Amino acid sequence: MDQFIAIAIGLGLAAACGFRVFVPLFAASIAAHGGSLPVTAGFDWLGSQAAMVAFGSATVLEVGAYYVPWLDHALDVIATPAAMIAGMVASAAVTVDVPPLLKWAVVLIGGGGIAGLMQGATVALRAKSGIFTGGLANAAVSSLELVGAAGTAVLALVLPLVCLVLVVVLLFYSARMLRRLGVRRRVAG
């Protein structure tokens, strides 16, 4: 059961990386530093004071940048691969006592995949918001993404199984939304 909890924490943190790249890494760093989040060998640096300062600074910069109208769209281009990498790092860091084959399958497919899908859904939402409101609603979307990242990260650390269920439900609805957008584009095009 401990392996399943570790995988749930990793996938929850990876999903949070799809909303914001650095918020879940900052949360994991704080939890690891406080001793409430065990990390795998080789990821001890995650709980260091230097990592907390670095992730905290990156979080502040990332959150602030998403409130700048032209910069938020530019960041989406960079954030998509960065979210996938961050999701893999978060998953790898917390999958303690998991056999290597299962661990790396979860990290690469689960962590990177979930972060990429969540990021894709947020990019689609931001694009739709920009088109329909002329960018006026982008600050509200950014705030929702921040709440989503922080809430998902905290939930992954506190109630990982509940978080995993919510992530699966959210991924289902995100995939449905993305599929509808794709179908509408093909019909319109």
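Anyway, here's the lowdown on the structure attached to this text. (Residues numbered from 1 in each chain as written. Predicted model: local features only at pLDDT ≥ 70, side-chain atom pairs only at ≥ 80, totals over all residues. Heavy atoms only, no water.)

## Some details on the overall build of the protein
Of the regular secondary structure elements, the protein holds seven helices and zero strands. In the protein, the succession of helices and strands from N to C terminus is α-α-α-α-α-α-α. Its C-alpha radius of gyration of 16 Å places the protein within 12% of the 16 Å reference for a compact globule of 189 residues. For the C-alpha atoms alone, the extent of the protein along its principal axes is close to 50 × 30 × 25 Å. The buried share among the 189 residues of the protein stands at 46%. A sequence separation of at least 24 residues applies to 74% of the contacts in the protein between residues at least 6 apart. (Helix = DSSP H or I, 4+ residues; strand = E, 2+ residues; numbered from the N terminus. Rg over C-alpha atoms; globule rule 2.2 N^0.38 Å. Buried < 20%, exposed > 50% of the residue type's maximum accessible area, 1.4 Å probe, protein only. Contact = heavy atoms within 4.5 Å.)

## Observations concerning unusual backbone geometry
Even without a glycine there, the phi angle at Asp 97 is positive, about 60°. Residue placement: Asp 97 occurs in the loop between α4 (69-94) and α5 (100-133). For Asp 97, a relative accessible area of 65% puts it in the exposed group.

## Thoughts on the layout of surface pockets
Taken as a whole, the largest pocket holds about 210 Å³ of empty space. Together, 13 residues line the largest pocket, and Phe 19, Ala 121, Thr 122, Leu 125 and Leu 170 are the ones closest to its centre. If you list the elements that add at least two residues to the lining of the largest pocket, you get α5, α6 (138-158) and α7 (160-188). A per-class count over the lining of the largest pocket returns nine nonpolar, three polar and one charged. (1 Å grid on protein atoms, 1.4 Å probe; cavity = no way out; pocket = protein on both sides within 12 Å on 5 of 7 lines; lining within 4 Å. Points joined across faces, edges and corners; volume = space filled by probe spheres on them. Nonpolar A, V, L, I, M, F, W, Y, C, P; charged D, E, K, R; others polar.)

## With respect to the state of the cysteines
A covalent bond between the sulfur atoms of two cysteines is referred to as a disulfide. Applying the stated criterion to the full structure yields zero disulfides. Left without a disulfide partner, Cys 17 is nearest to the cysteine sulfur of Cys 163, which lies 11 Å away. Taking relative accessible area as the criterion, Cys 17 reaches 0% and is therefore assigned buried. On the basis of relative accessible area, Cys 163 is assigned to the buried category, the value being 1%. (Disulfide = S-S within 2.5 Å.)

## Considerations on the nonpolar core
Counting 42 residues, the largest nonpolar core has Leu 11, Leu 13, Leu 37, Val 94, Ile 114, Met 118 and Val 167 as its most contacted members. At the level of elements, α1 (2-19), α2 (22-34), α3 (49-65), α4, α5, α6 and α7 are the ones that each hand at least two residues to this core. Examining the composition of this core, we find that nine residues originate from one element, α1, more than from any other. Residue contacts for Leu 13: discarding those within four places in its chain leaves Pro 24, Ala 28, Ala 90, Val 94, Ala 153, Ala 156 and Leu 157. (Core = buried A, V, L, I, M, F, W, Y, C linked by side-chain atoms within 4.5 Å.)

## What about empty space enclosed by the protein?
Applying the stated criterion across every chain yields a total of one cavity of 30 Å³ or more. Contributing to the lining of the largest cavity are Phe 19, Arg 20, Tyr 66, Asp 76, Gln 119, Thr 122, Arg 126 and Glu 145. Per element, the largest residue contribution to the lining of the largest cavity is three residues, and it comes from α5. A per-class count over the lining of the largest cavity returns two nonpolar, two polar and four charged.

Any functional reading would require information that these geometric values do not contain.
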